[in-house]
Amino acid sequence: FLGYQIPKDVSVVGFDDIPASERISPSLTTIHTPKKYLGIAAARQMLERIQFPHSPHSYAEYETELIIRDSTLRKEDCFGTYILYKRKIFYIYH
């Protein structure tokens, strides 16, 4: 794409670990999210908001998992990896 080779020139990371991320070439490194628990929490929040419209907003964090596939270099091949997550760039030093 645009003359760049993945992952040699640029690493690509997706989000949500959709099934297609394993089937494309190169397979997509992704961040797995607990979709079932996110859906349950969203439904509860929506029902609470309907029943109590002036209740305070809630904040929750859920554990995610980085699933490394072929769209990023392995740690043997690089010194570190940059990851864009929630509009922040993280550098993971290997």
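In this text, all values refer to a predicted model and were calculated from it rather than measured experimentally. (Residues numbered from 1 in each chain as written. Predicted model: local features only at pLDDT ≥ 70, side-chain atom pairs only at ≥ 80, totals over all residues. Heavy atoms only, no water.)

**Remarks on the sheet that holds strand β2 (residues 29-32)**
Step number 1: Judged by pairing direction, the sheet is mixed, and its three strands sit side by side in the order β1-β2-β3 without closing on themselves. Pairing within the sheet leaves two strands with one partner each, and these edge strands are β1 (13-15) and β3 (65-67). Put simply, the sheet's adjacent strands are angled 25 degrees from each other on average, direction ignored.
Step number 2: Sheet analysis places β2 next to β3, joined by three bridges and oriented antiparallel. Across the sheet, Ile31 pairs through a bridge with Leu66, a residue of β3. (Pairing = 2+ DSSP bridges. Helix = DSSP H or I, 4+ residues; strand = E, 2+ residues; numbered from the N terminus. Axes fitted to C-alpha atoms, helices over the stretch in contact; angles between N-to-C directions.)

**Re the pairing of β2**
Step number 1: Alignment of β1 against β2, held across three bridges, turns out to be parallel. Residue pairing for β2: Val13 is matched across the bridge by Thr29.

**Notes on the side chain of Ser27**
Step number 1: Examined against the element boundaries, Ser27 turns out to sit in the loop between α1 (20-23) and β2.
Step number 2: A residue is classified by how much of its surface remains accessible, and Ser27, at 11% relative accessible area, is buried.
Step number 3: Filtering out sequence-adjacent residues up to four positions away, Ser27 remains in contact with Ser21, Glu22, Arg69, Asp70 and Ser71. (Buried < 20%, exposed > 50% of the residue type's maximum accessible area, 1.4 Å probe, protein only. Contact = heavy atoms within 4.5 Å.)

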